[in-house]
Amino acid sequence: MCFQCGTCTAGCPSGRRTSYRVRKLMRMAQLGLKDEIVNSDELWECSTCYTCVERCPRQVPIVDVVVALRNIAVSEGHIRANHKVTATNFYKSGHTVQINDKIKAQRKSIGLPEVPPTVLSNKDAMAQLDKILKATGFNKIVE
Amino acid sequence: MAKYAFFLGCIAPLRYPGVEKSTRVVCERLGVELVDLEDASCCPAPGVIRAFSKATWLAAAARNLALAEAKGLPIVTICNGCYGSLFEAAHELNHNPEELAKVNKILKEIGMEYKGTTKVYHFAEVLYKDVGIAKIKEKITNPLDYKVAAFYGCHFLKPSSIKELDDPENAHVLDDLVEATGAKSMPRKQKMLCCGAGGGLKAAFGDVAKEFTKTNLENMQASGAQYIVDICPFCQMQFDTVQGDLGYKIPVLHLCQLYGIAMGMSEAELGLSAHVVPVKL
Ligand code: SF4
Ligand code: SF4
């Protein structure tokens, strides 16, 4: 487990540019300071670059911890407006960005099908994904 | 040469169609057979969707893995995000019967099952290991004299404990792949620094993400690079869309587009009009 050496913070590109300190976050998680963590902006300042994970001498799965903490935050309703847009795109179309007429035209002009052969091309496939998203509670995040 | 299920993801087909197109053409020339993985969804994005709900991320990824399993094919991705998600989900499900059983309970509702056999590859890995530099060199008809900033992105090599592709602090695979076209991969400072877009950082704090990108651009400019070559459409979108604001204009190409140029594909086919920073050949 984490022994607070600070190696993670030393290499963290986000920590260099913001007030986010990954070592502090790991400590707060160990101390169970849940409310402080889920209410903080810092929780969302990690880019999941894995630099810290590569260098941690104790093999703390730091990104997994960040993800777990974010899951708790989201389940308690802490989700940013822009993240909600991404989540909604995924929920509605199965993709994190939307297709539009310009893209369709561009795809066609270079010899690709207007709509890619993904869930976007098959209503049944989208219905399958939709069931999965409901079964795992993703609809609650979006609605 | 092996056959792969081609996983498109979101950003390539829906923002940079030239990346999809050039991958199809380049793979054909190199004898790599791509079979469309029809009906696939977003991987789903590791930094955001997994951050919102790991259960959703894993189940939706399992559906993608099961689609490939039904075809009896390994997956190839052209995006570090897709590679990160699908590789890590497969790693978890292929090695953990309990997690697999949980996910299969959900997949059963849609009449699917994942047995835990799908392997996931990044196209750069396929080019390097399956095709090989020598064969790539044979297929280059239009050698390039570009000076290139090779951009690895984070989720290609890391976490290296499960990926085992190259040394994540001192990698060479992408440099070798770039140089196979005749181009020169320019050495630079902080080469492995994240583009800044991942983990939902771009959406949550765009200005912070831009600061990451800015440091990268400074180092790239100082190295004398004329092009940025990435292996991830998400990194590509970050470099391509924020440079103007920062006062830079280094064109950004996906490795498959670089290969497309070196194999004589036309500007139109490469989809260069989708790029914000103009790419002139
Ligand atoms: S998480 Fe690892 S690197 Fe960071 S302080 Fe703890 S032991 Fe050190
Ligand atoms: S994964 Fe997150 S916490 Fe770790 S070094 Fe990268 S930005 Fe910092």
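Residues numbered from 1 in each chain as written. Chains lettered and ligands numbered in written order. Predicted model: local features only at pLDDT ≥ 70, side-chain atom pairs only at ≥ 80, totals over all residues. Heavy atoms only, no water.

(A) Region of interest: the overall build of chain B. Counting its regular elements, chain B contains 14 helices and eight strands. A compact globule built from 281 residues would reach a C-alpha radius of gyration of about 19 Å, and chain B, at 18 Å, matches this within 12%. Dimensions of chain B, computed from the C-alpha atoms along their principal axes, are close to 55 × 45 × 35 Å. Taken across its 281 residues, chain B has 66% of its residues classed as buried. Considering only contacts in chain B between residues 6 or more positions apart, those separated by 24 or more positions represent 75%. Taken as a whole, chain B presents about 9800 Å² of accessible surface, with 50% of it coming from carbon and sulfur. Taking the average location of the 30 positive side-chain charges in chain B and that of its 32 negative ones, the two points are 1 Å from each other. (Helix = DSSP H or I, 4+ residues; strand = E, 2+ residues; numbered from the N terminus. Rg over C-alpha atoms; globule rule 2.2 N^0.38 Å. Buried < 20%, exposed > 50% of the residue type's maximum accessible area, 1.4 Å probe, protein only. Contact = heavy atoms within 4.5 Å. Areas by Shrake-Rupley, 256 points an atom, 1.4 Å probe, with all protein chains shown as cover. Lys, Arg positive; Asp, Glu negative; His and termini not counted. Charge placed at Lys NZ, Arg CZ, Asp CG, Glu CD.)

(B) Spotlight on the nonpolar core. Counting residues in each nonpolar core, the largest one holds 155 residues, and the members touching the most others are I62 and F138 of chain A together with L255 of chain B. Sort the elements by how many residues they give to this core and helix α4 (residues 54-71) of chain B lands first, with 10 residues. Those residues in contact with F138 of chain A, other than ones at most four positions away along the chain, are A87, F90, Y91 and L133 of chain A together with I49, F52, S53 and T56 of chain B. (Core = buried A, V, L, I, M, F, W, Y, C linked by side-chain atoms within 4.5 Å.)

(C) Region of interest: the interface of chain A and chain B. With 56 residues of chain A at the interface, the matching set in chain B holds 66 residues. In total, chain A and chain B occlude about 5100 Å² of area from one another, counting both sides; carbon and sulfur atoms represent 64% of this. Applying the counting rule to chain A against chain B returns two salt bridges. Put simply, R107 of chain A and E20 of chain B hold a salt bridge, and the shortest N to O gap is 2.8 Å. Applying the counting rule to chain A against chain B returns 25 residue pairs in polar contact (both at pLDDT 80 or more). Contributing elements (two or more residues each) for the side of chain A that touches chain B: α2 (13-17), α5 (51-55), α6 (62-75), α7 (81-93), α8 (101-109), α9 (123-135) and α10 (138-142) of chain A. For the side of chain A that touches chain B, the leading source of residues is α9 of chain A, giving seven residues. (Buried area = accessible area lost by both parts, 1.4 Å probe. Salt bridge = Lys/Arg side-chain N within 4 Å of Asp/Glu carboxyl O. Polar contact = N/O pair within 3.5 Å; in protein donor to acceptor, adjacent residues only side chain to side chain.)

(D) Up close: the site of ligand 1. Residue and element names in this part refer to chain A. Taken together, 14 residues surround ligand 1, and among them C2, C5, G6, C8 and C56 come closest. Mapped onto the shell around ligand 1, the elements with two or more residues apiece are α1 (7-11) and α3 (22-30). Class assignment for the residues of the shell around ligand 1 results in nine nonpolar, three polar and two charged. (Near = heavy atom within 4 Å. Nonpolar A, V, L, I, M, F, W, Y, C, P; charged D, E, K, R; others polar.)

(E) Layout of the side chain of T136 of chain A. Assignment of secondary structure puts T136 of chain A in the loop between α9 and α10. Not counting residues up to four positions away in its chain, the partners in contact with T136 of chain A are S53, A55, T56, A59 and I106 of chain B.

(F) A look at the environment of T96 of chain A. As for its placement among the helices and strands, T96 of chain A is situated in the loop between α7 and α8. Between the C-alpha atoms of T96 of chain A and T86 of chain A, which are 10 residues apart in sequence, the distance is 5.3 Å. If we ignore the near neighbours within four places in the chain, the residues touching T96 of chain A are T86, N89 and F90 of chain A together with C10, C42, A45 and I49 of chain B.

(G) Up close: the packing of α7 of chain A against α9 of chain A. Residue and element names in this part refer to chain A. Close contact between α7 and α9 brings their axes to 8 Å; oriented N to C, the two are set at 130 degrees. Classified by the angle between their axes, α7 and α9 sit oblique to one another. For the pair α7 and α9, the contacting residues are F90, Y91, K92 and S93 in the first and M126, L129, D130, L133 and K134 in the second. In terms of residue class, the contact of α7 with α9 is built from five nonpolar, one polar and three charged. (Axes fitted to C-alpha atoms, helices over the stretch in contact; angles between N-to-C directions. Parallel < 35°, antiparallel > 145°, perpendicular 65-115°, else oblique.)

(H) Structural detail: the sheet that holds strand β6 (residues 184-185) of chain B. Residue and element names in this part refer to chain B. Taken in spatial order, the four strands of this open sheet run β6-β5-β7-β8, and their pairing is parallel. In this open sheet, the two strands that pair with only one neighbour each are β6 and β8 (252-254). Bridge analysis of strand β5 (residues 147-151) against strand β7 (residues 227-230) gives four bridges, and the strand direction is parallel. Note on β7: the bridge partner recorded for A150 is V229. (Pairing = 2+ DSSP bridges.)

(I) Here's a closer look at the site of ligand 2. All residues in the neighbourhood of ligand 2 are listed as C12, P13, Y20, V22, C46, S47, T48, C49, Y50, T51, C52 and V63 of chain A. Here the shell around ligand 2 is built from residues that sort into nine nonpolar, three polar and no charged.

(J) Broad picture of the packing of aromatic side chains. All names here are of chain B. In this structure the tally under the stated criterion is seven aromatic pairs over all chains. Relative to F156, the ring of Y83 has its centre 6.5 Å away and its plane inclined at 55 degrees; by these criteria the two rings are tilted. With Y83 in helix α5 (residues 80-95) and F156 in the loop between β5 and α9 (160-163), this pair connects stretches of sequence that are 73 residues apart. F156 shares its class with Y83; the two are buried. Ring centres of F151 and F239 lie 4.8 Å apart, and the angle between their planes is 75 degrees; on these two criteria the pair is classed as edge-to-face. (Phe/Tyr/Trp six-rings, centres within 6.5 Å; stacked < 30°, edge-to-face > 60°.)

(K) A look at the sheet that holds strand β3 (residues 75-77) of chain B. Residue and element names in this part refer to chain B. Strand order in the open sheet formed by four strands is β2-β1-β3-β4, with parallel pairing between adjacent strands. Looking along the sheet, the strands with just one partner apiece sit at the ends: β2 (33-36) and β4 (120-122). When the angles between neighbouring strand axes are averaged without regard to direction, this sheet yields 40 degrees. In the sheet, β3 pairs with β4 via three bridges, with the strands oriented parallel. When the bridges of β4 are listed, T77 appears paired with H122. The sheet strands contacting helix α2 (residues 17-30) are β1 (3-7) and β2, and the helix crosses β2 at an angle near 135 degrees. Packed onto the sheet, α4 meets β1, β2, β3 and β4 and runs at close to 130 degrees relative to β3.

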